[in-house]
Amino acid sequence: MSNIETKCLHAGYEQADATTKAHAAPLYRTTSYRFDSTEHANNLFTLKELGNIYTRLMNPTTDILEQRVAALDGGAAALGLASGTSAAFYSIINLAQKGDEIVSANNLYGGTYTQFNDILPSMGIKVNFVDPLDPQNFEKAITANTKAVYCEVVGNPLLDLVDLEAIGDIAHSHGIPLIVDATFSTPALCRPLEHNADIVVHSLTKWLGGHGAIIGGIVVDSGKFDWTTGKHPLLSDPEPSYWNTSFANDLGDLSPLAYILRMRLIPLRNLGACISPDNAWQAIQGIETLPLRMERHSFNGIETAKFLQNHPKVEWVRHPSLPGDDCYELAQKYMPHGSGGMVVFGIRGGAEAGRKFIENLNLFSHLANVGDARSLAIHPASTTHSQLSEEQQLNARITPDLVRLSVGLEHIDDIKKDIDEALSSI
Ligand SMILES: *Cc1c(COP(=O)(O)O)cnc(C)c1O
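Residue indices begin from 1 for each chain and proceed along its sequence in written order. In keeping with the model being predicted, local features are shown solely for residues with a pLDDT of at least 70 and side-chain atom pairs are shown and tallied solely at 80 or more, while totals for entire chains, interfaces and linings include all residues. As a rule here, side-chain values come from all non-hydrogen atoms in the structure, and water together with hydrogens is ignored.

**Comments concerning the overall build of the protein**
What counts as a helix is a DSSP run of H or I of at least four residues, what counts as a strand is a run of E of at least two, and both are numbered from the N terminus. When you go through the protein residue by residue, the secondary structure sums to 17 helices and 12 strands. Expected size for 426 residues packed as a compact globule is a radius of gyration near 22 Å; at 22 Å, the protein falls within 12% of this value. With the C-alpha coordinates of the protein rotated into their principal frame, the extents come out at 75 × 55 × 35 Å. Accessible area is worked out with a 1.4 Å probe on protein chains only. A residue is then buried under 20% of its type maximum, exposed over 50%, and partly exposed in between. Here the protein, with 426 residues, has 55% of them falling under the buried criterion. As defined in this context, the radius of gyration uses C-alpha atoms, and a globule is described by 2.2 Å times the residue total to the power 0.38.

**With respect to the site of the ligand**
Neighbouring residues of the ligand: 13 residues in total, closest Thr 85, Asp 181, Ser 203, Thr 205 and Lys 206. What qualifies as a polar contact is a pair of N or O atoms within 3.5 Å, subject to a donor-acceptor requirement within protein and to the restriction that residues adjacent in sequence count only when both atoms come from side chains. Within the backbone of Gly 84, an N or O atom sits 2.8 Å from an oxygen atom of the ligand. One of the side-chain N or O atoms of Asp 181 is found 2.6 Å from a nitrogen atom in the ligand. Every element with two or more residues in the shell around the ligand is listed here: helix 4 (84-93) and helix 9 (204-208). Classification convention: Asp, Glu, Lys, Arg as charged; Ala, Val, Leu, Ile, Met, Phe, Trp, Tyr, Cys, Pro as nonpolar; all other residues, Gly among them, as polar. For the shell around the ligand, the class distribution of residues is 2 nonpolar, 8 polar and 3 charged. Nearness here has a simple test: a residue counts as near a molecule or strand if at least one of its heavy atoms is within 4 Å of that partner.

**Notes on the pairing of strand 1 (residues 77-81)**
Counting buried residues along strand 1, 5 of its 5 residues qualify, which places the element largely inside the surrounding structure. Alternating residues of strand 1 divide into Ala 77, Leu 79 and Leu 81 and Ala 78 and Gly 80, and every residue in both groups is buried. When DSSP finds at least two bridges between two strands, those strands are taken to pair. Where strand 1 and strand 7 (residues 217-221) come together, 5 bridges link them in antiparallel fashion. Bridge pairing in strand 7 places Ala 78 opposite Val 220.

**Topic: the packing of aromatic side chains**
When two rings of Phe, Tyr or Trp (its six-membered ring) have centres within 6.5 Å they constitute a pair, described as stacked for plane angles under 30 degrees, edge-to-face for angles over 60, and tilted for the intermediate range. All told, the structure shown has 9 aromatic pairs when counted by the stated rule. Seen in terms of ring centroids, Phe 116 and Tyr 150 are 4.8 Å apart; in terms of plane orientation they differ by 75°. Their pairing is edge-to-face. With Phe 116 in helix 5 (residues 110-122) and Tyr 150 in strand 4 (residues 146-152), this residue pair connects regions lying 34 residues apart in the sequence. With relative accessibility at 1%, the residue Phe 116 sits in the buried group. On the basis of relative accessible area, Tyr 150 is assigned to the buried category, the value being 0%.

**Topic: unusual backbone geometry**
The omega torsion across Asn 156 and Pro 157 is -10°, close enough to zero to call that bond cis. On the secondary structure map, Pro 157 appears in the loop between strand 4 and helix 7 (164-173). For Leu 159, which is not glycine, the phi dihedral falls at a positive 60°. Positionally, Leu 159 belongs in the loop between strand 4 and helix 7. In this structure, Asn 244 is a non-glycine residue whose phi angle is positive, near 60°. The topology assignment puts Asn 244 in the loop between helix 10 (233-236) and helix 11 (258-271).

**A few points about the nonpolar core**
Note on terminology: a nonpolar core comprises buried Ala, Val, Leu, Ile, Met, Phe, Trp, Tyr and Cys residues joined through side-chain atoms within 4.5 Å. Counting 101 residues, the largest nonpolar core has Leu 65 and Leu 95 as its most contacted members. With 8 residues, helix 11 is the largest single contributor of residues to this core. In this entry, domain limits derive from an automatic or database-based domain assignment. Residues lining this core come from more than one domain, with at least three contributed by each of domain 1 (4-286) and domain 2 (291-423). It only takes one pair of heavy atoms within 4.5 Å for two residues to be counted as in contact. Contacts of Leu 95, omitting those with residues within four sequence positions, involve Asp 100, Ile 102, Lys 147, Ala 148, Pro 177, Ile 179, Ile 199, Trp 227, His 232, Leu 234, Leu 235 and Tyr 259.

**Some points on the sheet that holds strand 4**
The 7 strands are arranged 1-7-6-5-4-2-3 in an open sheet whose pairing can be described as mixed. Of all strands in the sheet, those bounded by a partner on one side alone are strand 1 and strand 3 (126-130). With direction set aside, neighbouring strand axes in the sheet form an average angle of 20°. Contacts from helix 5 reach strand 2 (101-105), strand 3 and strand 4 within the one sheet, and its direction differs from that of strand 3 by about 140°. Axis lines are fitted through C-alpha atoms, for helices just across the contact stretch, and the angle between N-to-C directions can take any value from 0 to 180 degrees.

**Section: the packing of helix 3 (residues 60-73) against helix 12 (residues 277-288)**
Between helix 3 and helix 12, the shortest axis-to-axis distance is 8 Å and the interhelical angle comes to 35°. The handedness of the crossing between helix 3 and helix 12 comes out as left-handed. Contact with helix 3, carried on its side by Thr 61, Thr 62, Ile 64, Leu 65, Arg 68, Val 69 and Leu 72, involves Pro 277, Ala 280, Trp 281, Ala 283, Ile 284, Ile 287 and Glu 288 of helix 12 and no other residues of that element. For the contact of helix 3 with helix 12, the residue count by class is 10 nonpolar, 2 polar and 2 charged. Crossings are sorted by hand: turned counterclockwise from the far helix by less than a right angle, the near helix makes the crossing left-handed, and turned clockwise it makes it right-handed.

**A few points about the sheet that holds strand 12 (residues 402-406)**
The sheet built from 5 strands is open, its strands ordered 8-9-12-11-10 with mixed pairing. Two strands bound the open sheet, and with one partner strand each, they are strand 8 (314-318) and strand 10 (365-366). Note that strand 11 (residues 376-378) and strand 12 share 3 bridges and pair antiparallel. The residue bridging Ile 378 from the neighbouring strand is Arg 404, located in strand 12. Helix 13 (residues 290-309) contacts strand 8, strand 9 (342-347) and strand 12 of the sheet and is inclined by roughly 15° relative to strand 9.

Dropping the structure here:
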């Protein structure tokens, strides 16, 4: 089962359920699980045996999802969470605490940016933001207190790609892991663990779920990072709430699970952002067709970008696979089979034209999401970033003419026709 198409359909649920022989992944709607005996109960609570206790901690449906996504990314283990936002948060607080620092790319998804800019500092975790396009900026911002480097495969809003391998080398030379949000690429297009990343964060809400119907997130760990050096006391120090176990040092054969097991037993158990089994099940359904969908999203994305490039009402267009794009070389390296359905462009006539364009789309839905099976469009300056001053908008590279498309799975001719009609209304 070495190919991703096969893993998407089978990993984590290779045999039918032993009791029911259910062929499709079953949905277990249960809060808790009966113990066989008091000894069994004690073994589960004392980690002598791994097994189901309570759905905030683990669930058999979520377990299939976790095994499947871990297999897709080539990781040792994964943890499903309530949202991509909680996945980003837990990935940090599982290795950093008050007094620690993170170095992060500055072109993050808006919600993650706010979390890193406002919430983490309020908890005493300082985040140093850098322009990720020059990997040396990470080197310059790392201090003795830095616990991790964080970036996204495809950045916001201009779809910039970063050089994962160069950034990973820098992180590793300081004994710290590289955490990568791969929501925009998915394991079908880019697997950061194959390019020097140690931990991957996904929002399941977007292309993995794929149908704009659920909220979910997941963290995947390679199992290869060395947590025993003392650089990450949260993992190596004795854990008081687990009989002074050191996750990094005391797990024996299970030590590749240290980071994910700690995330399950400490942040997830005690802060509680678990994914519902229903949403985990929906994500599993989405993942079954992920490679097919990403192929079509990528085809429709690049075809839409080429169409826009030749359109008289369009000033500029960006898609990482568009020849001549600033990120074309990186896209060829990290996403050689296509770079997805996100397209951004500048419309002639600025903000007013942008608004008019959005209003005259019919097939594209106007809403704040990406990664739906259906095509979506938004004009950031008048919506997601409208609370920013003009100067702040320009700092964030939200120009008044910027239009963002999340190109869906419709027929490319219908997509082009809808865009063309909306552009000609300007
Ligand atoms: C949507 C998104 C998130 C947040 O995920 P939610 O599931 O909406 O919480 C994080 N990172 C990226 C890149 C996203 O697109």
